[in-house]
Amino acid sequence: MERHVLSTRADPLTHGLWEASAPPAPEAPPLQAPRSVDVAIVGAGYTGLSAALHLAEGGASALVLEAMDIGFGGSGRNVGLVNAGLWVMPAALPERLGPVHGPRLLERLGEGPSVVFGLIDRHGIPCEAVRQGTLHCAVGASGFRGLGERARQWQALGAPVELLDASAAARLTGTTAYSGALLDRRAGTLQPLAYARGLARAAQAAGATLHAHSPLAAVRDEGTHWRLTTAQGATVDARWVLVATNAYSAPAGPWPGLDEELVRFPYFNLATRPLSERERATILPQRQGAWDTALVLSSFRLDAAGRLVFGSVGALRGAGRAIHRDWGRRALARLFPSLRGIHFDHEWYGHIGMTRDALPRLHRLARNTWSFSGYNGRGIAPGTVFGREFARLVLGQCSEADMALPVTPVQAVPLRAAREAGYEWGARAVHLLHGH
Ligand SMILES: Cc1cc2nc3c(=O)[nH]c(=O)nc-3n(C[C@H](O)[C@H](O)[C@H](O)COP(=O)(O)OP(=O)(O)OC[C@H]3O[C@@H](n4cnc5c(N)ncnc54)[C@H](O)[C@@H]3O)c2cc1C
């Protein structure tokens, strides 16, 4: 199975609507002349860009190497749901991470959307930010029970979440398909690629240097610093390194374990024409972003122009493209009968990096060399928060003991290729057979 979607940005199946509607990327010419900096960052997604911004603001020299374009990975392809917390239940975090890291991670990621929307405000990032909350929609009685428990756990922590019954959920979504929903008022939506490009601009304005089309090929220990060499042979010397390549890490890169610890979960999005005023009066009238509790989940949200962005599990390649698109038409007609027959103007997909326990990872790969990865489809707020946390570590504002995540060794996932094939082919089978 093809493991990486390394086509160029011009491929409409990689960044779709987001490429068509984002402000242009800032200039980031390939690295040519040798450089020496405090911190070299590999990967220009939210994690790397947030780190670059906060490092530069803190007075450190930071240089980002990006193999393709800014926001080429998950950061330019996602649904744009800026969520608080993780997929796992809040109460599970102290159980799994212990009494120090569990509550700390909950608190930092609970505040994640405020960090994201705060940066957007502070730097005036034009990225269609809407902070109206998100709706986790319940499928059937068991979905509703699960959300009830999630609501209870968040409320016990003082989070502003609200469990809605079926009729309240229908009013906010515009469909009667759901048995209820969890409204999280901390959350919201944004245009993902525009946010990535905005972070990049803000980082540059603060003094960071960004180089696109500069894939890191090799790293050498020079004793006092690391020497990073790009595929074109350009070099950067740095005392610190952040590896922020996450689900788009190359199999044969300098740290191959990073590729082997994530299972890639394919997810696609389809976008309609801008809905009419009348359609928008009933479909997501308050502009929350939504997704559901189904095993093969779906998500839906509006962009600033009123296009409905509808997504689910699957890769738009081979026969999958037609299968998922046809399913999308049927599923949308079932959710919103007034949209029956609507055309999708954009379709694109990407890969989410999943870990075995659905928790993100922090690794110390070597001296002063760190990586964050495995956001399990929750990366906008975590990537931003973890990038800032790494900057604080380098700037001496916190120590390893203060980090939100415990430092763990890199561990390969067994049967990874089979699991990835299972997601891709399973999603095809489900979408071939079902309307929803
Ligand atoms: C389809 C989809 C839907 C999603 N929906 C949501 C959502 O609604 N909400 C949410 O919060 N999260 C969502 N996510 C997850 C989120 O997008 C990711 O967790 C997040 O973008 C990860 O950011 P990152 O900076 O860690 O990595 P990425 O954005 O993946 O960036 C990694 C970068 O590293 C670069 N790179 C790789 N190798 C090298 C190299 N050798 N040299 C230099 N650069 C290299 C890549 O080109 C890439 O640009 C979704 C993801 C996908 C794919």
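Please read these numbers as outputs of a predicted model, since none were measured by experiment. (Residues numbered from 1 in each chain as written. Predicted model: local features only at pLDDT ≥ 70, side-chain atom pairs only at ≥ 80, totals over all residues. Heavy atoms only, no water.)

A. Broad picture of the pairing of strand β10 (residues 226-230). By the alternation rule, side chains of β10 split into Trp226, Leu228 and Thr230, which are all buried, and Arg227 and Thr229, of which none is buried. Direction of pairing for strand β9 (residues 216-221) relative to β10: antiparallel, over a ladder of five bridges. Looking at the pairing, Ala218 lines up with Thr229 of β10. Taking the residues between adjacent antiparallel strands as the criterion, β9 and β10 are bridged by four residues, where Gly223 takes a positive phi near 85°. Here four bridges tie β10 to strand β11 (residues 235-243), and the two strands are oriented antiparallel to one another. Bridge pairing in β11 links Arg227 to Asp237. Turn length for the β10-β11 hairpin, with the two strands adjacent in sequence and antiparallel, is four residues, and the turn residue Gly233 shows positive phi of about 95°. (Buried < 20%, exposed > 50% of the residue type's maximum accessible area, 1.4 Å probe, protein only. Helix = DSSP H or I, 4+ residues; strand = E, 2+ residues; numbered from the N terminus. Pairing = 2+ DSSP bridges.)

B. Here's a closer look at the sheet that holds strand β4 (residues 134-138). On the basis of which strands lie adjacent, the open sheet formed by eight strands has the order β5-β6-β4-β13-β14-β15-β12-β16 and mixed pairing. Every interior strand has two partners, whereas the edge strands, β5 (161-165) and β16 (346-354), have only one. For this sheet the average axis-to-axis angle between neighbouring strands, irrespective of direction, equals 20°. Relative to strand β13 (residues 289-292), β4 is paired through four bridges, and the arrangement is parallel. Across the sheet, residue Leu135 finds its bridge partner in β13, namely Ala290. (Axes fitted to C-alpha atoms, helices over the stretch in contact; angles between N-to-C directions.)

C. Broad picture of the site of the ligand. Residues in contact with the ligand amount to 32 residues; listed here are only the nearest, Thr47, Glu66, Ser75, Leu81 and Asn246. A distance of 2.9 Å separates a nitrogen atom of the ligand from a polar atom in the backbone of Ala67. Interatomic distance of 2.9 Å between a backbone N/O atom of Gly379 and an oxygen atom of the ligand. Burial of the ligand by the protein chains amounts to 95% of its free accessible area of 1000 Å². In terms of residue class, the shell around the ligand is made up of 15 nonpolar, 14 polar and three charged. Shared between two domains, the shell around the ligand holds at least three residues of each, these being domain 1 (12-78 + 193-262 + 356-414) and domain 2 (132-188 + 263-355 + 421-433). (Near = heavy atom within 4 Å. Polar contact = N/O pair within 3.5 Å; in protein donor to acceptor, adjacent residues only side chain to side chain. Areas by Shrake-Rupley, 256 points an atom, 1.4 Å probe, with all protein chains shown as cover. Nonpolar A, V, L, I, M, F, W, Y, C, P; charged D, E, K, R; others polar. Domains from an automatic or database assignment.)

Just distances and angles here, no functional claims.
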